[in-house]
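Report on the structure
Each chain, letter by letter, is given below.
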Amino acid sequence: MNIELRDPNIIMKLSRLGSFHQSRLSFLRSFLSEFKDWQYNRDLFDLDQEGYGTAVYSFKKKDRVYSLICYANKINDDERSDRVIATKWDAAFTLHDGVPLKEDIDRLRNEVPKQEVGRLSYKELTLSRANKSVRVFDHVVESLSNGNQPNLELLEKVGYLYRTTAVYGSGKFGLADRFRIKNREEINGPFRLEMMLVYLVRQFTFDQVNHVAKNKNPNSAVKLDPKICRNLGIGNSTGLGMAPFIVNHPTLLNNWILSREIALKKIREIKIVKTQDKDLFKDCLKSSLKNITSWNTESEYQLKKIKLLLKDIKKFISFLENKFDFQKDYPFNEIYLWLEKETCEECIEYVVSIMMEPFGDIVQPLVAQMSSEEEKYFNIPTERNVGDLKKILENKYSDILKINFNIDESNQKFWFISKNKEEPRLANRFEENGADLEQPLAIARDIKKLYERLLPLKDNLKINKFLIDNSDLRHVVRRAFIIEKFPYSEIQDNTIGEKLVPIDMLRLKLSFFGALKFDPRSDKWLRICMFQGAPLPNELKDYDEQWVYKTQS
């Protein structure tokens, strides 16, 4: 049986992309798989009694070493903020290429806590900062110092001791440019070094809380139970800064989505499913109910999605147990068709992720295809003609071309860069000033504008001639020739319309990171948890690959 890849006109709608969940393809899971054979070490732990100071953690294999340098700082409660305008944080981190010398640690102590204002060097690969969940951190310290484990209900509700507010890489603020390291085999996957930083920061939070508790009451203090550690992750506050990334990197976006679509296609094409694969799928599905029922949020928008997801997953489990026969040919194809007919988008994509769990042999080769050498596809084929371009637009943007941009509802929002922090922002075009500074992120509008300019022109007119008089549309001419080769490179939706839900864009990217338990705080920012349930560094040599579905109470 040959299953067609899913239609980009359906999959690339924001409501569908905003229903994606983590999977075996997610970057944090592929990071753990790649680095499980590396030697982990805590090289330096120089904190005072209150937990402030410096620590260094490393991964080593043969001659290659990556070192996380941590700077824990004392700040006042009124200085602690997750907003991008913050200037102080409870801790700041950088991932150093190699073994840092004392001179490096001293140099970076003056720069890393400053974050964007500081200056890093080519020796540093990523940069981050994080704030404590003060309520949780203080509770854990108090409990451990008195010889008790902390309240599990509180920990489950929050899910972390610290949350990061930004993770930077690839040349920002003096960090090493990607070209210096892109050929290293162990980081041949998107955001692998960023995942390493977050993972090691998680271990630092456990070590720090144990250290503070021990110093508070040396005679009675106990360490945080490893089982509890395992079920804590690192929180993250993510705003609109992440959204333009998926618009500005079309071939990378395509490769992420295409890998997922190829995995699904191949799984649906399996004629006979082995008993152990069927059992693993069903086990992960049932175990995952705990992830849904422990998904805490106060967002009405997200609560509705969770409620519908839980209802549909229970309905699906009942279908599998009572009405479905895995012995039939192509069972996962039958399952997928049933899901499309009977369940919501959130449930469909949730189960698609779980379908991948038994099939590492299908998924693993796809991980290596999720990066992109984007510069290869930047040049516009100016020898092509207007007729070619019209056909591409009609075939690849058919739904976009139906949008009426002459009405206010389709043009309500505009994207701009804030002056203070140079971060993307979203505003109402008809209520706020600044539309003259609009960023080129209204791809649907500009594609429609391009099509309307092409309509009266002769098909044999060359693209180079067209661009002489229409240079303002060069960016979407380039995108059209990209989507001709990369079918999943474009969001098939209006990113400036009245009905835009920006967190759908954030959630798409975060699902590929491997985030769990999306908690929207508005339609423009959310909190997530990463590495919750993941093995600890000293457990990497032999861990359960399905850990994400097996968090323990």
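Scroll up to find the structure.
Rules and cut-offs
- Starting afresh in each chain, residues are numbered from 1 along the sequence in its written order.
- Per-residue local features are limited, in this predicted model, to residues with pLDDT of at least 70; the limit for side-chain atom pairs, both in listing and counting, is 80 or more; totals at the level of whole chains, interfaces and linings are taken over all residues.
- Side-chain metrics in this entry use all non-hydrogen atoms of the structure; hydrogen atoms and water are not considered.
- Numbering of helices and strands runs from the N terminus; a helix is a DSSP stretch of H or I covering at least four residues, while a strand is a stretch of E covering at least two.
- As a reference, a globule follows 2.2 Å times the number of residues to the power 0.38, and the radius of gyration itself is taken over C-alpha atoms.
- Relative accessibility under 20% of the residue-type maximum defines a buried residue, over 50% an exposed one, and the middle range a partly exposed one, all with a 1.4 Å probe and only protein chains included.
- A contact between two residues is defined here by any heavy atoms of the two lying within 4.5 Å.
- Per-residue and other accessible areas were derived by the Shrake-Rupley procedure at a 1.4 Å probe size, with only the shown protein chains allowed to occlude residues.
- For this count, His and the chain ends are skipped, Lys and Arg are scored as positive, and Asp and Glu as negative.
- Here the site of a charge means atom NZ of a Lys, CZ of an Arg, CG of an Asp or CD of a Glu.
- Residues belong to one nonpolar core when they are buried, are Ala, Val, Leu, Ile, Met, Phe, Trp, Tyr or Cys, and are joined through side-chain atoms within 4.5 Å.
- Pairs of N or O atoms within 3.5 Å make up the polar contacts considered here, provided that, within protein, one atom can donate a hydrogen while the other can accept it, and that residues adjacent in sequence are counted only when both atoms are side-chain atoms.
- In this scheme, a helix's expected span is set at 1.5 Å multiplied by one less than its residue total.
- In short, DSSP must find at least two bridges between two strands for them to pair.
- Axes here refer to lines fitted to C-alpha atoms; in helices the fit is confined to the stretch in contact. Angles between the N-to-C directions go from 0 to 180 degrees.
- Here the aromatic set is Phe, Tyr and Trp, taking the six-membered ring for Trp, and pairing holds for ring centres within 6.5 Å; pairs whose planes are under 30 degrees apart are stacked, those over 60 apart are edge-to-face, and all others are tilted.
- Two conditions define a charge sitting above a ring: the NZ of Lys or the CZ of Arg must be within 6 Å of the ring centre, and it must be within 35 degrees of the ring normal.
- Summarising the geometry, the arc corresponds to the directions from the helix axis toward the C-beta atoms.
- Roughly parallel means an angle under 35 degrees; roughly antiparallel, over 145; roughly perpendicular, 65 to 115; everything else is oblique.
- Charged means Asp, Glu, Lys or Arg here, nonpolar means Ala, Val, Leu, Ile, Met, Phe, Trp, Tyr, Cys or Pro, and polar covers whatever is left, Gly included.
- Disulfides are defined as cysteine sulfur pairs within 2.5 Å.

**As for the overall build of the protein chain**
- Looking only at helices and strands, the protein chain features 21 helices and eleven strands.
- The globule rule puts the C-alpha radius of gyration for 553 residues at 24 Å, and the 25 Å found for the protein chain is close to it.
- The dimensions of the protein chain, computed from C-alpha atoms along their principal axes, are 85 × 60 × 50 Å.
- Looking at the protein chain residue by residue over its 553 residues, the buried ones come to 59%.
- For the protein chain, long-range pairs separated by at least 24 residues make up 76% of all intrachain contacts whose partners lie at least 6 apart in sequence.
- Approximately 24300 Å² of the protein chain is accessible, and the part contributed by carbon and sulfur atoms is 46%.
- Within the protein chain, one finds 88 positive and 81 negative side-chain charges whose respective centroids are separated by 1 Å.

**Things to note about the nonpolar core**
- Core analysis: the biggest nonpolar cluster contains 163 residues, and Ile 257, Phe 281, Phe 316, Ile 335, Met 355 and Phe 531 have the highest contact counts within it.
- Ranked by the residues each element gives to this core, the list is headed by helix H7 (residues 192–216), at 13 residues.
- If near-sequence neighbours (up to four positions away) are discounted, Phe 281 is found in contact with Phe 316, Leu 320, Phe 326, Phe 332, Ile 335, Val 351, Ile 354, Met 355 and Pro 358.
- Core analysis: the second largest hydrophobic core is formed by twelve residues, Val 56, Tyr 71, Ile 105 and Leu 175 among them.

**Quick word on the side chain of Ser 121**
- Counting through the fold element by element, Ser 121 comes out in the loop between helix H4 (102–109) and strand E5 (124–132).
- Among the residues examined, Ser 121 registers a relative accessible area of 18% and is labelled buried.
- Only 2.8 Å separates the side chain of Ser 121 from the side chain of Glu 124, close enough to count as a polar contact.
- In this view, Ser 121 contacts Arg 107, Gly 174, Leu 175 and Ala 176; residues no more than four positions away in its chain are not counted.

**Some thoughts on helix H5 (residues 134–145)**
- Compared with the 16 Å implied by 1.5 Å per residue over twelve residues, the 16 Å span of H5 between its first and last C-alpha is a close match.
- Check the buried side of H5 and you find it contacts E5, helix H6 (152–158), strand E6 (160–169) and H7.
- Within two residues after H5, Gly 147 carries a phi angle of roughly 85 degrees, on the positive side.

**Things to note about the environment of Lys 271**
- Considering the arrangement of structural elements, one finds Lys 271 in the loop between helix H10 (250–268) and helix H11 (275–287).
- On the basis of relative accessibility, which here comes to 42%, the residue Lys 271 falls in the partly exposed class.
- Distance in space between the C-alpha atoms of Lys 271 and Val 136 is 49 Å, their sequence separation being 135 residues.
- Discounting residues that sit within four places of it in the chain, Lys 271 has contacts with Lys 328, Asp 329, Tyr 330 and Pro 331.

**A short note on the sheet that holds E5**
- The strand order across the open sheet formed by nine strands is E1-E2-E3-E4-E5-E6-E7-E11-E10, and the pairing between neighbours is mixed. Edge strands, defined here as strands with exactly one partner in the open sheet, are strand E1 (39–47) and strand E10 (516–520). Within the sheet, the average angular offset between the axes of one strand and its neighbour, ignoring direction, is 25 degrees.
- The pairing of strand E2 (residues 53–61) with strand E3 (residues 64–72) spans nine bridges and is classified as antiparallel.

**Some details on the packing of aromatic side chains**
- Scanning the entire structure with this criterion turns up 38 aromatic pairs.
- An aromatic cluster of at least three residues, connected via ring pairs, comprises Phe 31, Phe 35, Trp 38, Tyr 40, Tyr 57, Phe 59, Tyr 66, Phe 93, Tyr 199, Phe 204 and Phe 531.
- The lysine or arginine in question, Arg 260, covers the ring of Phe 20, its NZ or CZ lying 4.3 Å from the ring centre.
- Here the guanidinium or amino end of Lys 509 rests over the ring plane of Phe 245, the centre of that ring lying 3.8 Å away.

**So, the environment of Gly 360**
- Structurally, Gly 360 is set in helix H16 (residues 360–367).
- Separated by 81 residues in sequence, Gly 360 and Asp 279 place their C-alpha atoms 15 Å apart.
- Discounting chain neighbours no more than four positions away, the residues touching Gly 360 are Arg 24 and Pro 365.

**Quick notes on the environment of Gln 49**
- Residue placement: Gln 49 occurs in the loop between E1 and E2.
- Distance in space between the C-alpha atoms of Gln 49 and His 211 is 7.6 Å, their sequence separation being 162 residues.
- Ignoring any residue separated from it by four or fewer positions in sequence, one finds Gln 49 in contact with His 211, Val 212 and Asn 215.

**Regarding H11**
- Along its 13 residues, H11 runs 18 Å from first to last C-alpha, staying within 8% of the 18 Å computed at 1.5 Å per residue.
- Among the residues of H11, Asp 277, Lys 278, Phe 281, Lys 282, Cys 284 and Leu 285 are the ones counted as buried. Viewed along the axis of H11, the buried residues span an arc of 160 degrees, placing them on a single side of the element.
- Buried residues belonging to H11 abut helix H12 (289–293), helix H13 (300–322), helix H14 (331–342) and helix H15 (345–355).

**A closer look at the packing of H10 against H14**
- For the pair H10 and H14, the least separation of the axes is 6 Å and the interaxial angle reads 120 degrees. The angle between H10 and H14 falls in the class oblique. Packed against H10, whose contacting residues are Leu 264, Ile 267 and Arg 268, the element H14 presents Phe 332, Asn 333, Tyr 336 and Leu 337 at the interface.
- Considering only residue class, the contact of H10 with H14 consists of five nonpolar, one polar and one charged.

**Remarks on the pairing of strand E7 (residues 233–238)**
- Most of E7 sits out of view: six of its six residues are buried.
- Sheet topology places E6 next to E7; three bridges connect them, and they run parallel. Note on E7: the bridge partner recorded for Arg 163 is Gly 235.
- The pairing of E7 with strand E11 (residues 526–530) spans five bridges and is classified as antiparallel. Counterpart to Thr 238 in the pairing with E11 is Leu 526.

**Comments concerning the state of the cysteines**
- As enumerated under the stated definition, the model contains zero disulfides in all.
- Unpaired in terms of disulfides, Cys 229 finds its nearest cysteine sulfur in Cys 529, a separation of 13 Å.
- Of the cysteine sulfurs around Cys 284, a residue in no disulfide, the closest is that of Cys 347, at 15 Å.
- On the basis of relative accessible area, Cys 284 is assigned to the buried category, the value being 0%.

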